[in-house]
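Listed here are the chains, written in short residue letters.
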Amino acid sequence: MNNKTLIVTGLVIFLIIVLFPFWYMRGKAAPAPEPELTPKAKAAQVCVRSTEYMKAEHMQLLDVWRDSVVREGKRIYVNPQGKEFDMSLSNTCLDCHSNKAEFCDRCHNYASVRPYCWSCHIENPKEKT
Amino acid sequence: MDSSRRRILQLLGVSALALTTKPVFNAFAKEAVSAEAESVIKAGAQALKAKQWAMVIDTRKFKSEADLQPLVEACHRIHNVPRLQNKRHEIKWIWGTRYHNAFPGKAAQFVAESVEHRPFLVLCNHCENPPCVRACPTKATFKRESDGIVLMDFHRCIGCRFCMAACPFGARSFNYRDPRPFIAETNKEFPTRMKGVVEKCNFCAERLAVGRLPACVEASRGALSFGDLYDSESKVRKLIKTNYTIRRKQTLGTEPSVYYIV
C-alpha cells in the first residue's frame, strides 16, 4: 500500500468527474413544462377522459384508437361518461389542441420523446382550411 | 429440524393464510380500476357493411382518357396523393390504362376497335385471395375480415416492397420521396404518407365508415357501381348477372373484386 495517496487522489478526481453533472446542475432542475390550452380546449373543460388519465395514458389510448380504426374499422369511442367521439388524431384531438408547439411539443421535448405522428397526420386540420 | 405435530400444524395454518392473499389482492386491484368506468369502442351508426365489397366498372361509358380524369382527380385529391412528374416515383391509387395492358393475355390479335381504344380504369382489385397480404412480413397490409377490403396500416409498413412485387396488377406505389411537397392541395382531414411506405387504393374505407360511397363511384355519374359481392340483391350482383363482365388476370386465382363490363 505504498501508493495510497495516489489511489485516493485518483479516486477523488474520478468521483468529481463522474458526479460533475449532478453538482454542477444542483438546484437548477428544469421545471416541468405546463402545456398551454387553446380557448377551445379550455371551453370544453374535459378531454375524452380525465386530465390525469390523459396525462398518463394518452399514448396507450392513441395506440388502441389506431389499431381499432385502421384494422377493425371501429371509429367511435364512447367514454365512461357516455359521450361519443370520432377516433381521429387529426380531426378530433388536434381540433381542440390545435397548438402543437405549445401543447404537444413542450412536454415531448422535456421528456425527450420524438413521436412521428406528424410525419403523416396533419398538425392542425381546422386552422389551415 | 425436528418436525413435531405442533410445528406441522403451524406451517399448514400459515400456508392456508397465504392462499387467501391472492383473492384479497385481486379485490383491491379491481376496486382501483373500476373507479373509472370502462369505455366502449364501436362502429359508427351509418357505417356501410358488406361481406366483400366489390366494384363494377362499365367501361362502355368511358370514351377517352379525359372521361377518367374527374374520377382519378376526386380520389387523389381527397387522399392526398402526391403528383410526381418523374415516372419512377409516381404515386397512383387509380388510373387509366389500355385494354391490352389491363388484360394481358386476353387481347387477341384483332380486337373490336371500340374496346381497343377505350380507356380502362384500374385500381387495387381488393382480391379475395390477395398475394400482397401473404408477402407482407409485418402484417402492415391485411385483408379486413369485416368487409374484405385489402387495407394498409401505414404505421407498420417498413417499406420492403415485397407487396409490390407480389401484386400482379401493379396497384401499389412506393414513396421514394417525401410526398408532402408534391401535394397541390392538401385535404386536412386525411393523413398524408411519409417517405418509405407503400400506398394504394383503400376502397375509401374512411368514407364507408361514415356511410358514403367511394369518391370515384360518386364522381363517375353511374359508370361505377359499388356493393356487396355476397348479397345477391346488391347493385353489383345485379349488374354482373345481366352483363358480360371480365376481371383482370383471373387465371392467377387471386379472385379480384373489380369487374369490368366490356
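Here, the structure is the one placed above.
Heads up: these notes are all about the structure in this document. (Residues numbered from 1 in each chain as written. Chains lettered and ligands numbered in written order. Predicted model: local features only at pLDDT ≥ 70, side-chain atom pairs only at ≥ 80, totals over all residues.)

Side note on the overall build of chain A
Quick reminder of the rule: Strands are runs of DSSP state E lasting at least two residues, helices are runs of H or I lasting at least four, and both sets are numbered from the N terminus onward. Values of the radius of gyration come from C-alpha atoms, whereas the globule rule sets the reference at 2.2 Å times the count of residues to the power 0.38. Contacts are defined on C-beta atoms placed from the backbone: any two residues whose C-beta positions lie within 7 Å are in contact.
Looking only at helices and strands, one finds six helices and two strands in chain A. Helices and strands appear in chain A in the N-to-C order α-α-α-α-β-β-α-α. In terms of C-alpha radius of gyration, chain A reaches 23 Å, well past the compact-globule figure of 14 Å for 129 residues. Judged by the C-alpha coordinates and their principal axes, chain A covers about 75 × 35 × 30 Å. Restricting to contacts in chain A with at least 6 residues of sequence separation, those with at least 24 account for 64%.

Structural notes on the overall build of chain B
What counts, and what does not: Burial is judged by counting other C-beta atoms within 10 Å of a residue's own C-beta: 20 or more means buried, 12 or fewer means exposed, and anything between counts as partly exposed, with every C-beta placed from the backbone.
From N to C terminus, chain B includes ten helices and eleven strands. For 262 residues, the compact-globule formula gives about 18 Å, and the C-alpha radius of gyration of chain B, at 27 Å, lies well above that figure. Counting only C-alpha atoms, chain B reaches 105 × 45 × 35 Å along its principal axes. Counting all 262 residues of chain B, 34% fall into the buried class. The contacts of chain B with a sequence gap of at least 6 include a subset with a gap of at least 24, amounting to 65%.

Concerning the sheet that holds strand β2 (residues 53–58) of chain B
Pairing between sheet strands relies on hydrogen bonds along the backbone, with the strands arranged either parallel or antiparallel. Residues and elements named next belong to chain B. As a reminder, the rule being used: We call two strands paired when DSSP finds no fewer than two bridges between them. Lines fitted to the C-alpha atoms define the axes, with helices restricted to the stretch that makes contact. Angles between their N-to-C directions range from 0 to 180 degrees.
In space, the four strands of this open sheet follow the order β9-β2-β11-β10, with mixed pairing throughout. Across the chains shown, the open sheet's two edge strands, defined by having one partner strand only, are β9 (224–228) and β10 (245–246). Pairing analysis gives four bridges linking β2 to strand β11 (residues 258–261), with the strands arranged parallel. The partner of M55 across the bridge, within β11, is V258. Helix α10 (residues 235–242) rests against β2, β9, β10 and β11 of the sheet, and its axis sits at about 115° to β9.

Side note on the interface of chain A and chain B
Put simply, the rule is: Three classes are used: nonpolar for Ala, Val, Leu, Ile, Met, Phe, Trp, Tyr, Cys and Pro, charged for Asp, Glu, Lys and Arg, and polar for all others, with Gly counted as polar.
At the interface, 23 residues of chain A touch 24 residues of chain B. At the level of elements, α4 (51–72), β1 (76–78) and α5 (89–96) of chain A are the ones that each hand at least two residues to the side of chain A that touches chain B. Element by element, the count of residues in the side of chain A that touches chain B is highest for α4 of chain A, at six residues. Split by residue class, the side of chain A that touches chain B holds nine nonpolar, eight polar and six charged.

Some thoughts on the nonpolar core
Put simply, the rule is: Here, a nonpolar core denotes buried Ala, Val, Leu, Ile, Met, Phe, Trp, Tyr and Cys residues that are linked to one another through C-beta atoms within 7 Å.
M55, I57, I94, L121 and L123 of chain B are the most contacted members of the largest nonpolar core, which has 54 residues in total. At the level of secondary structure, the elements contributing two or more residues to this core comprise β2, α3 (65–78), α4 (99–102), β4 (119–123), β6 (150–152), α9 (215–219), β9 and β11 of chain B. The biggest single contributor to this core is β2 of chain B, with five residues. V48, W65, V70 and Y77 of chain A belong to the second-largest nonpolar core, a separate cluster that totals six residues.

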